Amino acid sequence: MSKFRILTAIIGFAVLALALVGLNFSISAQSDNSNGQASAHIPVFARSDRACGTNPGDVKIAEMENDFQRKLNQRANNNGDKGKPGSTPTPTPTPTPTPGPGGGAEISVYFHVITQGSGYSDGNIGQLAIDAQIQVLNDAFGGSSGYSFKLAATTTTNNSTWFNGCYGSSSIESQMKSALRQGSADDLNIYSCNPSNGILGYATFPSSYQNSPNLDGVVLLYSSLPGGTAAPYNEGDTGTHEVGHWMGLYHTFQGGCSGNGDYVDDTAAERSPAYGCPGGRDSCTGNRYPGLDPITNFMDYTDDYCMFEFSGGQQTRMNDFWTLYRAGK
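As the structure is a prediction and not an experimental result, all values here were calculated from the model.

Chemist: Summarise the overall build of the protein chain; cite the residues concerned and give the values.
Modeler: Counting secondary structure elements, the protein chain contains seven helices and five strands. Each of the 329 residues in the protein chain was classed as buried or not, and the buried ones make up 47%. Long-range pairs, those at least 24 residues apart, make up 71% of the contacts in the protein chain between residues at least 6 apart in sequence. With an accessible surface of roughly 15500 Å², the protein chain has 53% of that area assigned to carbon and sulfur atoms.

If you want it as structure tokens, here you go:
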């Protein structure tokens, strides 16, 4: 064997050894510290990994929209605004059971922490993370939307079955929520746990409350709360996104470039979810689809730092759903 080949082999073994050492260090760094706090190593989700479990099919959407339109028509008739046949009734001001800063409402939040032990990776997120999540919701839904959120109570339940089975098993979800849920249709219940299959969270829609009140609420991956380890989805906007569903909103990419999309006129059509923060993305082109993709909208799939707004049409839709399905119900 030549000296060159011997040298090459030595270098190859050295690189392999360094790689193994680095792998061992990375695995060790991902473990929790003994004090139960998140470790310094932040596991980063692949950009395509943002996944929301709130994905109603076409039949379910048609059912919800028909019921929504029926209630809008009833409200319009009650207010003497029948309009033309087939037209959309003029929305009326949203009543506020508890006054909010911008004409919305103050929403009581019952936060349910599900754990499987005492460490951070066991779901023990701490009160600071919960308070930070409430603040993120207030920042997102306040202002022109006028909704504010106030923590009413926090519960902690050590149940490994619920912690790891909070998504994908209707029986476990039902057990967990039936045991813990508090309040009525206009009270928000949030459950933090460890959803399977890479799901960051999911929510129920307003129209589901009438038939399944015990299931109403929002489920979040515990590490998606502000300061968590689910970077780049750890600034609390998974919570914002899922509460958007709870208030009646679909994904901005709902329906792609055809049909009614997300049923909001001022969010540009979007063929598919956007990941990262792809400025200038335009996935539905042509005169029929003006505007760039709404990548900064809370109802897309971009990184938390990229999303920061609801559109005016989304705010109107949330107000209508709040009035018709949640306020005082």
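Chemist: Lay out the pairing of strand β5 (residues 218–221) with the relevant residues and their values.
Modeler: Taking every second residue as pointing to the same face, both faces of β5 are buried, with Val-218 and Leu-220 on one and Val-219 and Leu-221 on the other. By the bridge criterion, four bridges tie strand β3 (residues 188–193) to β5 in an arrangement that is parallel. For Ile-190, the partnering residue across the bridge sits in β5 and is Val-218. Relative to β5, strand β4 (residues 201–203) runs antiparallel, the two sharing three bridges.

Chemist: Please set out the environment of Gly-146 residue by residue, giving values where relevant.
Modeler: Structurally, the position occupied by Gly-146 is in the loop between α3 (127–141) and β2 (148–158). You can call Gly-146 buried: its relative accessible area is 0%. Separated by 173 residues in sequence, Gly-146 and Asn-319 place their C-alpha atoms 9.5 Å apart.

Chemist: Explain the packing of aromatic side chains to me, and be specific about the residues and the numbers.
Modeler: Tallying each qualifying case throughout the model produces 14 aromatic pairs. Aromatic pair Tyr-275 and Tyr-301: ring centres 6.0 Å apart, planes at 50 degrees, arrangement tilted. Taken together, the residues Tyr-275 in the loop between α6 (237–246) and α7 (312–326) and Tyr-301 in the loop between α6 and α7 connect sequence positions 26 residues apart. Classification of Tyr-275 by relative accessible area gives partly exposed; the value is 30%. With a centroid separation of 5.4 Å and an interplanar angle of 20 degrees, the aromatic rings of Phe-321 and Tyr-325 are classed as stacked. Residue Phe-321 and its partner Tyr-325 are both found in helix α7; the two are separated by four residues, about one turn of the helix. Taking the relative accessible area as the measure of exposure, Phe-321 reaches 3% and is therefore buried. Take Tyr-325: its relative accessible area is 8%, and that puts it in the buried class.

The rules behind the values
Residues numbered from 1 in each chain as written. Predicted model: local features only at pLDDT ≥ 70, side-chain atom pairs only at ≥ 80, totals over all residues. Heavy atoms only, no water. Helix = DSSP H or I, 4+ residues; strand = E, 2+ residues; numbered from the N terminus. Buried < 20%, exposed > 50% of the residue type's maximum accessible area, 1.4 Å probe, protein only. Contact = heavy atoms within 4.5 Å. Areas by Shrake-Rupley, 256 points an atom, 1.4 Å probe, with all protein chains shown as cover. Pairing = 2+ DSSP bridges. Phe/Tyr/Trp six-rings, centres within 6.5 Å; stacked < 30°, edge-to-face > 60°.

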